[in-house]
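Here's the letter readout for the chains.
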Amino acid sequence: MTNSQLTPGVVPGRLSPQEYDANFADVAPPLDAHEAQVAADRCYFCHDAPCMTACPTSIDIPLFIRQIATGTPEAAAKTILGQNILGGMCARVCPTETLCEGDCVRMESEGKPVEIGALQRFATDRLMAAGKHPFTRAAPTGKSVAVVGAGPAGLSAAHRLAMHGHEVTIYDARPKPGGLNEYGIASYKAPEAFASAEVAWLLQIGGITVMQNWQMGRAGDGTLDDLLADHDAVFLGMGLSGVNALNLPGEELAIPATDFIAALRQTEDLSTLPIGRKVVVIGGGMTAVDAAVQAKLLGAETSTIVYRRSQGEMPASEHEQDHALGCNVRLICNAAPVAIHAVEGGLEVEFARTETTGAGLRKLDDTFRLKADQVFTAIGQTLGATPAEIRLAGGKIAVDGAGRTSLSRVWAGGDCALGGEDLTVTAVAEGRDAAEDMHKFLMGE
Amino acid sequence: MADLRSEFVGIKSPNPFWLASAPPTDKEYNVRRAYEAGWGGVVWKTLGSEGPPVVNVSGPRYGVIYGADRRVLGINNIELITDRPLEVNLREIKSVKRDYPDRALVVSLMVPCDEASWKAILPLVEETGADGVELNFGCPHGMAERGMGSAVGQVPEYIEMVTRWVKQNTRMPCIVKLTPNITDVRKPAEAAKRGGADAVSLINTINSITSVNLDDFAPEPMIDGMGTHGGYCGPAVKPIALNMVAEIARNAETAGLPISGIGGVTTWRDAAEFMALGAGNVQVCTAAMTYGFKVVQEMISGLSEYMDRKGMVSTSEIVGRAVPKVTDWQYLNLNYVTKAVINQDDCIKCGRCYAACEDTSHQAIAMDEDRTFTVKDEECVACNLCVDVCPVDCITMRELAKGETDPRTGREVGDYANWTTHPNNPSSASFCGLRPAE
C-alpha cells in the first residue's frame, strides 16, 4: 500500500487488501438455515397479503415463506422465480422497505417487518447453489423473437418467451449480459459475481442466444427494421444509456456516476481503481448514493452528496440515505451546482444555496465551494438513440399496459419504457408481462 | 404477597408446585437442585421392585412437537421407570428428605401386580421418611407390556385391588396416578376411591407417536431404525388433562376426592386453571425439562400476584372454584347470543379472520378495498374462530342484551333456555317434529 486516504489527487490503492475485502463484502449477509427458520416463523400467512400486492412482480410471499418454514426452500424458490426470474437479484437490490416489507402487517403491530428480502435470497440462493433450473421449455413454436438489451427487462422477457417455446436472440450493447445488474448496482449488494452467475443460471432454460457488443442503429450492427425483418417480434429493453447534462461551466470536469460505478463493477482488483481524496457527488437518487458510498469504501477521505432539494425530497430511500450516512458519507441538501472550477491541485465545485418557492426551485445568491479531486454526476439518465418512427412520451418509449409500442410487432419494457418506477423488479415485471402479450400475439390468440 | 402454602392429603409444601415423577426426579442431585430452585415438592421417579433394575434404551428416548421458533409444545418419551438400583434410590430419598423437611417428597411406585410385591416395598419407602406414595398406574410404554403401569390403570378392578393392598400395608398417604389412555377417566378414579386412595393424580402421558422419519420411514424417536409408541406430555396435552380433572371433580362418585393436576403445566396460569377445576396442587415435568428448574419462580410470583390482585389469601380459594361452571352441552343457554367485534384501531389488516371465516366458517366477515375487516352480524354465528386466529387479539365477542334482535335469526334474545326443552329435541316435551309411530 503506497497510498493512503490522505494522498492528494486521484490515486489507487488507498486501503489495505483486508480493508477492500471488508468494505466490499456482502452488505446484507445471507441468513443461515436457523435464521431463516426464525424469520419465516414470523410470517402470519396473511389473506391476500399486502406484501404480495406491494411487490411489482406479485410474488406469493406468504406461500414461499411457508415453504421455507416447512423445510422446502427449493419449492419456495420456484414460487418466487415463477413470478420473478431475477428473484435472486431482486432479493439483494429491491428497496424492500418501500415495497413488500414496508407493507408487512408486522410493521403495523411491531414496526419490524418479516425479513422478506433476506428470506427470498435464502430460497433462491439454495436453488441456484444446487445448480437447478426449475423451468422447462414448451414445444418449439417455430417463432423467433429479438430482445434488445440483456438487462433485467430483456432477460425477464427472453426467459418467459423461451419458456413458451419461442427462439430468442438477445442483442446487447455491453461486453457482458446483465445490464444494470452487471454494470449499475452497487458492488456490495451483489458480490461474488452474482449478476453473471444469475444470468448463466437463467440461460439454462435454453433457446436463448445472446449477442454482445451489438448496439441498435450502430453501423455494422443493425436497425430495428433489420430485427423486424429477421424476427417475428421485437422486445426493446435497452434501458437508459444517456445521462443528463449539468449545463454548467466546467461540466466536462465531471464524470457520470454511472461510468464510475460500471468501471468499479468491472474491476477485478479494486486496489487498482483510482479514487479521489475528496469526492463530490451531485444528485440525490440511488445512483448518487451508490457512487458516494463506494467512493468512501474505496478509500476517499471525504465523500459528499450534494442535492439541490431538501433531504425529505431525495429520491433515494430513507434506508439508502441511512446507509450512506452510516458509511460516513456527508450529505448537503438545498444546494445546486453553479460551476466546476479547475484550481491548483484539483477541482472546486461551486454551489448556490436553494429555496423552494411556489414557482419552483430558486438559486440564492449565497454560494459556497467544495474542494474535490473527483466530481460525479448522478442527476438522472436518459433514453439513448431510438428509431425515429417509434412514439415517445415523457422522454421514454410510449407503451400500453402490455408493453406494446406504437409500432406493430414491437414491445418495450424496463427503464426505457414509460410507466413504473425505474427498479430492477419493475423491469422484470414489465419484461415478463410483455412476453406474455407477445406470446399471445405470436400464437395468434 | 399471597400465602402459597399448600397441604395436599396431609402433606405440607411451601407452594403447590411439585415436580412430577419423571426424568427430572430420578436422582438426589436433580431433586436437591429442584428444591434449591424453589419447588414445593417432588414425586420421586418411579421405583420398581428389588433386584436387577430395568434398562433403558441408549438411543434417543424423547420425541418432540414444535410450534413457531422451535418452541416445545409436546414431548413424548420411551423412558422406563428408574434404571438405578432400589437401594440407591432409597438411600438418596432418605438423605434428601432429611435435608429438606419442609418440602414434600412423595415416592412413585410400580411393582408387579401381586400383594407380596407391594408388601415388600412399602416398608422400605416408609423407612426413608418420605411423605407419601404415588402408584404409577399410568405409564403407557414398556412397563405396560409387562403387566404394570397403564396395564393396571386401564382395569378399574386392578386399581381398586392394588390400592387396597397399599392402604392395608402402609400408614403413608396414597395417591393413585391415572392414565389418560382410557375412554372414561371417571371409572378408574372411582375404583381408586373405592380402594381407599387418598387422592388421584392425572394425567400420566398419552400414548403417541410424535413424528415419522421420512428418510428412514420409521417412527421417532428412532432406535436403530425402529420406533415405538411413547408417552406424550407438555403444553399440547393440557386441554385433555384439564377435561379429565374436571370430569373427576364434578362426578358425584368422586367429588371431594383430592386431585393432583398434571399435564402441560408451564406457567402460573396453567396451574391456576388446573386448581380452579379441582386440583389441590399441580405437578410439572415438561416445562422443567424444557427450561430448567427456574421456571418455578415465575409460577410462584405469578400465582402470588394473581391471588393478591383477586384478594385471595389461600390457594384453597382457587381450588374447585370453576367446577360448578362445568356442565354438559345440553344445559348451555341456547338463548345466549354474541357477535364478533373487530377493534379497528388495533387491527393490523392481516386478514386471517377473513380467510378463516370465508373459507371455513360462515362468511361473516367483510373485507373492503382498503383491507378494513368488519363483521356481518347477520351472518355471524359467534363461533369465535376469528378471535382464535387473530395474531394481535383485536377481536372480542359482544353479548347481545336481552330483548335485542339477533340480525342473523331475526329473533329477540330471550331468557335462558337449553336443549332439554328445545322444540327441535325429540326428547323434549315441546318437540315440534313428528315422533316415530310407536
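What you see is a predicted model; the values in this text were computed from it and never measured.

A. Focus on the overall build of chain B. Check the secondary structure of chain B and you find twelve helices and 22 strands. Overall, the C-alpha framework of chain B stretches about 75 × 55 × 50 Å when taken along its three principal axes. The buried share among the 438 residues of chain B stands at 51%. Contacts spanning at least 24 positions in sequence make up 68% of the contacts within chain B whose residues lie at least 6 apart. Element-wise, carbon and sulfur atoms account for 51% of the exposed surface of chain B, whose accessible area totals about 20,300 Å². Here chain B carries 43 positive and 56 negative side-chain charges, and the mean point of each set is 5 Å from the other.

B. Up close: the environment of Thr315(B). Residue and element names in this part refer to chain B. Within the secondary structure, Thr315 is located in the loop between helix 10 (295-310) and strand 19 (338-342). Relative accessible area serves as the criterion here: at 5%, Thr315 is assigned to the buried category. Setting aside chain neighbours within four positions, we find Thr315 in contact with Asp3, Leu4, Arg5, Pro16, Met275, Leu303 and Met307.

C. Structural detail: the nonpolar core. In this structure, Phe17(B), Trp39(B), Val176(B) and Leu202(B) are the most contacted members of the largest nonpolar core, which totals 82 residues. Apart from the residues within four sequence positions on either side, Leu202(B) is in contact with Leu178(B), Val185(B), Met244(B), Val245(B), Ile248(B), Ile259(B), Ser260(B), Gly261(B) and Ile262(B).

D. Broad picture of the interface of chain B and chain A. Opposite the 15 residues of chain B that make contact, chain A presents twelve residues. Buried area between chain B and chain A, summed over both chains or domains, comes out near 1,000 Å², and the portion from carbon and sulfur atoms is 63%. The three residues of chain B that bury the most area against chain A are Asp69(B), Ile348(B) and Arg371(B), which together make up 42% of that side's buried surface. Inspection of the chain B/chain A interface yields five residue pairs in polar contact (both at pLDDT 80 or more). Per element, the largest residue contribution to the side of chain B that touches chain A is three residues, and it comes from helix 11 (residues 352-360) of chain B. Here the side of chain B that touches chain A is composed, by residue class, of nine nonpolar, one polar and five charged.

E. View of the side chain of Glu160(B). With respect to the helices, strands and loops of the structure, Glu160(B) is situated in helix 5 (residues 156-169). Ignoring any residue separated from it by four or fewer positions in sequence, one finds Glu160(B) in contact with Ala191(B), Arg194(B) and Gly195(B).

F. Fine view of the domain arrangement of chain A. As far as domains go, chain A holds domain 1 (10-25 + 243-381), domain 2 (33-129) and domain 3 (144-241 + 383-442). Domain 1 of chain A and domain 2 of chain A are separated by 33 Å when their C-alpha centres are compared.

G. Fine view of helix 5 of chain B. Residues and elements named next belong to chain B. With 14 residues, helix 5 should reach 20 Å at 1.5 Å per residue; the first-to-last C-alpha distance of 20 Å fits that figure. When we look at burial in helix 5, the residues that qualify are Ile159, Glu160, Val162, Thr163, Trp165 and Val166. Its buried side turned inward, helix 5 meets helix 3 (115-126), strand 8 (132-136), helix 4 (150-153), strand 9 (174-177) and helix 6 (186-195).

H. Looking closely at the environment of Pro387(A). All names here are of chain A. Positionally, Pro387 belongs in the loop between strand 16 (381-382) and strand 17 (392-393). A residue is classified by how much of its surface remains accessible, and Pro387, at 15% relative accessible area, is buried. Note: C-alpha distance between Pro387 and Met216 (171 residues apart in sequence) is 8.7 Å. Residues in contact with Pro387, not counting those within four places in the same chain, are Met216 and Leu224.

I. Molecular detail of the domain arrangement of chain B. Split by domain assignment, chain B resolves into domain 1 (6-325) and domain 2 (329-421). Taking only C-alpha atoms, the centre of domain 1 of chain B and the centre of domain 2 of chain B are 40 Å apart.

J. Here's a closer look at the pairing of strand 5 (residues 62-66) of chain B. Residues and elements named next belong to chain B. The pairing of strand 5 with strand 6 (residues 72-77) spans five bridges and is classified as antiparallel. Note that in strand 6 the partner of Tyr66 across the bridge is Val72. The antiparallel hairpin formed by strand 5 and strand 6 contains five residues in its connecting segment, where Asp69 sits at a positive phi of about 60°.

K. Here's a closer look at the packing of helix 9 (residues 152-163) of chain A against helix 16 (residues 424-442) of chain A. Residue and element names in this part refer to chain A. As a packed pair, helix 9 and helix 16 sit with axes 7 Å apart at the nearest point and diverge in direction by 35°. Classified by chirality, the crossing of helix 16 by helix 9 is right-handed. Each of Pro152, Ala153, Ser156, Ala157, Arg160 and Leu161 in helix 9 lies in contact with helix 16, whose residues at this interface are Thr424, Ala427, Val428, Gly431, Arg432, Ala435, Glu436, Met438 and His439. The class makeup of the residues in the contact of helix 9 with helix 16 is eight nonpolar, four polar and three charged.

L. Here's a closer look at a negative patch on the surface. A surface patch of like charges, here negative, comprises Asp225(A), Asp226(A), Asp230(A) and Glu389(A). Mapping Asp225(A) onto the fold places it in helix 12 (residues 224-230).

M. Focus on the pairing of strand 18 (residues 279-284) of chain B. All names here are of chain B. A large share of strand 18 lies buried, amounting to six of its six residues. Pairing analysis gives four bridges linking strand 17 (residues 259-262) to strand 18, with the strands arranged parallel. If you follow Gly261 over to strand 18, its bridge partner there is Val282. For the crossover that starts at strand 17, traverses helix 8 (residues 268-276) and ends in the parallel strand 18, the hand is right-handed.

N. Inspection of the sheet that holds strand 18 of chain B at higher detail. All names here are of chain B. On the basis of which strands lie adjacent, the closed barrel formed by eight strands has the order 3-4-7-8-9-10-17-18 and parallel pairing. Taken over all neighbouring pairs, the strand axes of this sheet differ in orientation by 25° on average, direction set aside. Here strand 3 (residues 17-19) runs beside strand 4 (residues 41-47); their pairing, made up of two bridges, is parallel. Within strand 4, the position partnered with Trp18 by the bridge is Gly41. Relative to strand 4, helix 1 (residues 28-37) is tilted by about 165°, and along the sheet it contacts strand 3, strand 4 and strand 7 (104-109). On top of the sheet, helix 3 reaches strand 4, strand 7 and strand 8; it is set at about 160° to strand 7, its chief contact.

O. Expanded view of the packing of helix 13 (residues 257-265) of chain A against helix 14 (residues 286-297) of chain A. Residue and element names in this part refer to chain A. Contact geometry for helix 13 and helix 14: axes closest at 9 Å, N-to-C directions at 50°. In terms of axis orientation, helix 13 runs oblique to helix 14. For the pair helix 13 and helix 14, the sense of crossing is left-handed. Judged by residue contacts, Ala257, Thr258, Phe260, Ile261 and Leu264 of helix 13 engage Thr287, Asp290, Ala291, Gln294 and Ala295 from helix 14.

P. How the structure looks around the sheet that holds strand 11 (residues 330-332) of chain A. Residue and element names in this part refer to chain A. Taken together, the five strands give an open sheet; going across it, the order is 7-15-9-10-11, and neighbouring strands pair in parallel fashion. Each of the sheet's edge strands pairs with one partner strand only, and the pair in question is strand 7 (255-256) and strand 11. Pairing analysis gives three bridges linking strand 10 (residues 302-306) to strand 11, with the strands arranged parallel. Across the sheet, the residue bridging to Val306 is Ile332, located in strand 11.

Definitions and cut-offs
Residues numbered from 1 in each chain as written. Chains lettered and ligands numbered in written order. Predicted model: local features only at pLDDT ≥ 70, side-chain atom pairs only at ≥ 80, totals over all residues. Heavy atoms only, no water. Helix = DSSP H or I, 4+ residues; strand = E, 2+ residues; numbered from the N terminus. Buried < 20%, exposed > 50% of the residue type's maximum accessible area, 1.4 Å probe, protein only. Contact = heavy atoms within 4.5 Å. Areas by Shrake-Rupley, 256 points an atom, 1.4 Å probe, with all protein chains shown as cover. Lys, Arg positive; Asp, Glu negative; His and termini not counted. Charge placed at Lys NZ, Arg CZ, Asp CG, Glu CD. Core = buried A, V, L, I, M, F, W, Y, C linked by side-chain atoms within 4.5 Å. Buried area = accessible area lost by both parts, 1.4 Å probe. Polar contact = N/O pair within 3.5 Å; in protein donor to acceptor, adjacent residues only side chain to side chain. Nonpolar A, V, L, I, M, F, W, Y, C, P; charged D, E, K, R; others polar. Domains from an automatic or database assignment. Expected span 1.5 Å × (residues − 1). Pairing = 2+ DSSP bridges. Axes fitted to C-alpha atoms, helices over the stretch in contact; angles between N-to-C directions. Left-handed = near helix turned anticlockwise from the far one by under 90°. Patch = residues over 30% accessible without salt bridge, like charges linked within 9 Å, V, L, I, M, F, W, Y side chains within 5 Å. Salt bridge = Lys/Arg side-chain N within 4 Å of Asp/Glu carboxyl O. Right-handed = clockwise from strand over helix to strand, strands pointing away. Parallel < 35°, antiparallel > 145°, perpendicular 65-115°, else oblique.

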